Amino acid sequence: MSSTHQEPKYKLGAFGFLILYQAVLIGSIQTVPILTPWISEELPALEGLIGLFVSWVVLSALLCSGLIIVMLRRVEAVRGALISLMTVILGLAVLIIAEGIFGFLIAGFLLGLSYSALNPIGSQIVSSMGEPRRSNFLFSIKQSSVSIGAGTAGLLLPPLAALTSWHISLGSIIVLALLVIAFGILMRPSVTPVSRVTNYPLRLADLLPLSGFLLFVRNPEGKRLAFASMTFALAQYGIMAVYVVWAWGSLKLGGGMAGLLFFVVMMAGIFGRVFWGYVADFVNPSRVLVLQLASASLCSLFMAIAPTGVDIVLLFGFSGILGFVAMSWSGILLSEVARVGTSMGDPRQGIIDMTSGVQVLFYIGGLIGPSLLSIVYLNTGSFSLGYIIISMLFVISIWFYCGKPNVETQ
């Protein structure tokens with residue numbers, strides 16, 4: 001079978017579908033954090049539990065990551081994304097009819113299951129396009145869809161919820177997901193990959209999420225990236241989970257203004273990812289990642305000390321810096337991870353294993369960050385202590401990352 005092995009070659013249409021797929025998926029995950037001011041009218045406990053809800057989504061993704069690795073070894077990437085979108089639609093439908101926390105838990109699990117496929121699918125598609133020397137730029141463009149999805153949700157869902165209801169806001173995402181599915185069906189490549197691992201018997205160990213993690217940390221470059229990956233994810237998941245609630249509850253802004261500030265963060269992230277991805281193709285990406293680690297530490301500290309009544313112009317400026325620098329790391333880091341994967345014996349399998357492995361670290365960070373902020377809020381009535389802890393973790397991560405041997409990119 002390996003003698004007739006063919007890999008799909010993805011064109012611009014598949015890349016466009018990938019952007020839309022990631023945007024819809026991230027926007028779907030952000031619906032509950034963004035719509036908390038409206039949902040909490042029916043479920044008051046959600047304001048304090050929103051970070052824990054996001055952590056539940058991430059935990060679900062972590063538990064399903066081994067299953068996703070097995071599936072993607074046997075399913076072409078665009079087809080895998082279509083299955084992922086169908087799962088998103090089911091999760092949003094459950095949210096619409098949910099009448100309590102239990103319904104939100106079921107929906108969160110379905111969203112997490114879908115999310116666990118996002119980066120492995122994206123890495124397969126991008127790695128088959130363009131020249132390796134432009135990989136940071138291509139991956140950063142791909143990751144801009146994260147900001148597009150979350151930012152658009154932050155801009156459009158609050159006004160729609162205010163005019164109608166939060167249920168209708170969720171329904172609009174379902175309609176959008178159906179349109180993206182229709183586009184994706186047209187973009188499927190004609191060649192279906194046949195991986196050598198399909199000849200191997202399925203093992204229980206393959207379904208365990210730690211299998212990908214162990215493969216990642218055993219690799220010297222993976223080990224070097226591990227702590228920084230977790231710290232970046234810890235802060236990004238945490239900040240995205242509570243940013244609207246922080247601006248609305250802690251700074252006493254209206255729900256619409258809080259959503260607009262979140263939109264500014266996400267839109268600045270689009271430009272930041274493209275800019276830093278372009279820069280990283282000409283300098284050592286490690287230098288860019290250290291700059292972003294330092295910026296994230298300072299931004300976390302600002303969120304800890306910002307008082308009620310802070311000037312709105314300053315908040316808009318801060319939101320722009322937060323998105324442009326501190327939250328624009330993922331494209332560069334994923335490019336480095338994919339580069340390590342392509343150097344392995346089976347490039348496609350290497351990309352799946354290494355990307356899935358680093359995603360486990362993203363999940364660990366995603367579990368810690370939102371939960372930390374929610375627990376701090378429930379005990380102190382403020383997110384400040386949580387942001388101080390996150391800021392300190394970034395300082396530690398800079399020391400850890402810079403203390404490792406410097407590995408130049410190829």
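Let me sum up the structure you'll find in this document.

Section: the overall build of the protein
Moving on, step 1. Each helix and strand counted, the protein has 17 helices and zero strands in total.
Moving on, step 2. A buried classification covers 60% of the 410 residues belonging to the protein.
Moving on, step 3. Taking contacts inside the protein between residues at least 6 apart in sequence as the whole, the part at least 24 apart equals 85%.
Moving on, step 4. Carbon and sulfur atoms make up 72% of the accessible area of the protein, which amounts to about 15,800 Å² in all.

Comments concerning unusual backbone geometry
Moving on, step 1. One non-glycine residue with positive phi stands out, namely Lys252, at about 65 degrees.
Moving on, step 2. Positionally, Lys252 belongs in the loop between helix H11 (220–250) and helix H12 (255–280).

Concerning the packing of aromatic side chains
Moving on, step 1. Evaluated as defined, the whole model comprises 18 aromatic pairs.
Moving on, step 2. Put simply, the rings of Tyr243, Trp246, Phe262, Phe302 and Phe318 pair up and form one aromatic cluster.

Points about the environment of Ala306
Moving on, step 1. Here Ala306 lies in the loop between helix H13 (285–305) and helix H14 (312–326).
Moving on, step 2. Contact partners of Ala306, with chain neighbours within four places excluded, come to Trp246 and Leu251.

Observations regarding the nonpolar core
Moving on, step 1. Residues Tyr21, Tyr243 and Trp246 are the most contacted members of the largest nonpolar core, which totals 129 residues.
Moving on, step 2. Looking at which element gives the most residues to this core, the answer is H11, with 18 residues.
Moving on, step 3. In contact with Tyr243, not counting residues within four places along its chain, are Leu261, Phe262, Val265, Met303, Phe318, Ser319 and Leu322.

So, the pattern of salt bridges
Moving on, step 1. For the coordinates displayed, the defined rule picks out one salt bridge.
Moving on, step 2. Among the salt bridges present, the one from Glu76 reaches Arg79, with a minimum N-O distance of 3.1 Å.
Moving on, step 3. Using a relative accessible area of 26% as the deciding quantity, one classes Arg79 as partly exposed.

Brief notes about the packing of helix H5 (residues 77–97) against helix H7 (residues 118–127)
Moving on, step 1. Taken N-terminus to C-terminus, the directions of H5 and H7 make an angle of 150 degrees; their axes are 9 Å apart at the nearest point. Considering their axes alone, H5 and H7 lie roughly antiparallel with respect to each other. As for the relative orientation of H5 and H7, their crossing is left-handed in sense. Here Ala77, Val78, Gly80 and Ala81 of H5 come into contact with H7, specifically with Ile121, Gln124 and Ile125.
Moving on, step 2. For the contact of H5 with H7, the per-class residue count stands at five nonpolar, two polar and no charged.

What about the packing of H11 against H13?
Moving on, step 1. Remark: H11 packs on H13, axes separated minimally by 11 Å, with the N-to-C direction vectors making an angle of 35 degrees. Handedness of the H11/H13 crossing: left-handed. Between H11 and H13, the contacting residues are Arg224, Leu225, Phe232, Ile239, Tyr243 and Trp246 on the first element and Ser286, Leu289, Gln292, Leu293, Ser300 and Met303 on the second.
Moving on, step 2. When the residues that make up the contact of H11 with H13 are grouped by side-chain class, the tally is eight nonpolar, three polar and one charged.

What to know about the side chain of Ser40
Moving on, step 1. By the secondary structure assignment, Ser40 is in the loop between helix H3 (36–39) and helix H4 (46–72).
Moving on, step 2. At a separation of 3.3 Å, a polar atom in the side chain of Ser40 contacts the main-chain carbonyl oxygen of Pro37.

Some details on a nonpolar patch on the surface
Moving on, step 1. Judged by side-chain polarity, Leu301, Ile305, Leu385, Ile388, Ile389 and Met392 come together as a nonpolar surface patch covering roughly 520 Å² of accessible area.
Moving on, step 2. Here the nonpolar patch gets four residues from one element, more than from any other, and that element is helix H17 (residues 384–402).
Moving on, step 3. Mapping Met392 onto the fold places it in helix H17.

Regarding helix H6 (residues 101–115)
Moving on, step 1. The end-to-end C-alpha distance of H6 is 20 Å, a good match for the 21 Å that 15 residues give at a rise of 1.5 Å each.
Moving on, step 2. Within H6, the full set of buried residues consists of Gly103, Phe104, Ala107, Gly108, Leu110, Leu111, Gly112, Ser114 and Tyr115.

Thoughts on the environment of Ile332
Moving on, step 1. Within the fold, Ile332 resides in helix H15 (residues 330–342).
Moving on, step 2. It is 9.0 Å that separates the C-alpha atoms of Ile332 and Ser286, two residues lying 46 residues apart in sequence.

Some points on H14
Moving on, step 1. Between its first and last C-alpha, H14 extends 20 Å over 15 residues, near the 21 Å set by a 1.5 Å rise per residue.
Moving on, step 2. In this structure, the buried side of H14 is in contact with H11, H12 and H13.

Some thoughts on the environment of Gly317
Moving on, step 1. Secondary-structure assignment places Gly317 in helix H14.
Moving on, step 2. Residue Gly317 is classed as partly exposed on the basis of its relative accessible area, which comes to 35%.
Moving on, step 3. C-alpha of Gly317 to C-alpha of Leu261: the two residues are 56 residues apart in sequence and 9.6 Å apart in space.

Observations regarding the side chain of Ser371
Moving on, step 1. Residue position: Ser371 is located in helix H16 (residues 347–380).
Moving on, step 2. By relative accessible area, which is 15% here, Ser371 ends up buried.
Moving on, step 3. The contacts of Ser371, once residues within four sequence positions are left out, are Gly51, Leu52 and Ser55.

What counts and how
- Residues numbered from 1 in each chain as written.
- Predicted model: local features only at pLDDT ≥ 70, side-chain atom pairs only at ≥ 80, totals over all residues.
- Heavy atoms only, no water.
- Helix = DSSP H or I, 4+ residues; strand = E, 2+ residues; numbered from the N terminus.
- Buried < 20%, exposed > 50% of the residue type's maximum accessible area, 1.4 Å probe, protein only.
- Contact = heavy atoms within 4.5 Å.
- Areas by Shrake-Rupley, 256 points an atom, 1.4 Å probe, with all protein chains shown as cover.
- Phe/Tyr/Trp six-rings, centres within 6.5 Å; stacked < 30°, edge-to-face > 60°.
- Core = buried A, V, L, I, M, F, W, Y, C linked by side-chain atoms within 4.5 Å.
- Salt bridge = Lys/Arg side-chain N within 4 Å of Asp/Glu carboxyl O.
- Axes fitted to C-alpha atoms, helices over the stretch in contact; angles between N-to-C directions.
- Parallel < 35°, antiparallel > 145°, perpendicular 65-115°, else oblique.
- Left-handed = near helix turned anticlockwise from the far one by under 90°.
- Nonpolar A, V, L, I, M, F, W, Y, C, P; charged D, E, K, R; others polar.
- Polar contact = N/O pair within 3.5 Å; in protein donor to acceptor, adjacent residues only side chain to side chain.
- Patch = residues over 30% accessible without salt bridge, like charges linked within 9 Å, V, L, I, M, F, W, Y side chains within 5 Å.
- Expected span 1.5 Å × (residues − 1).

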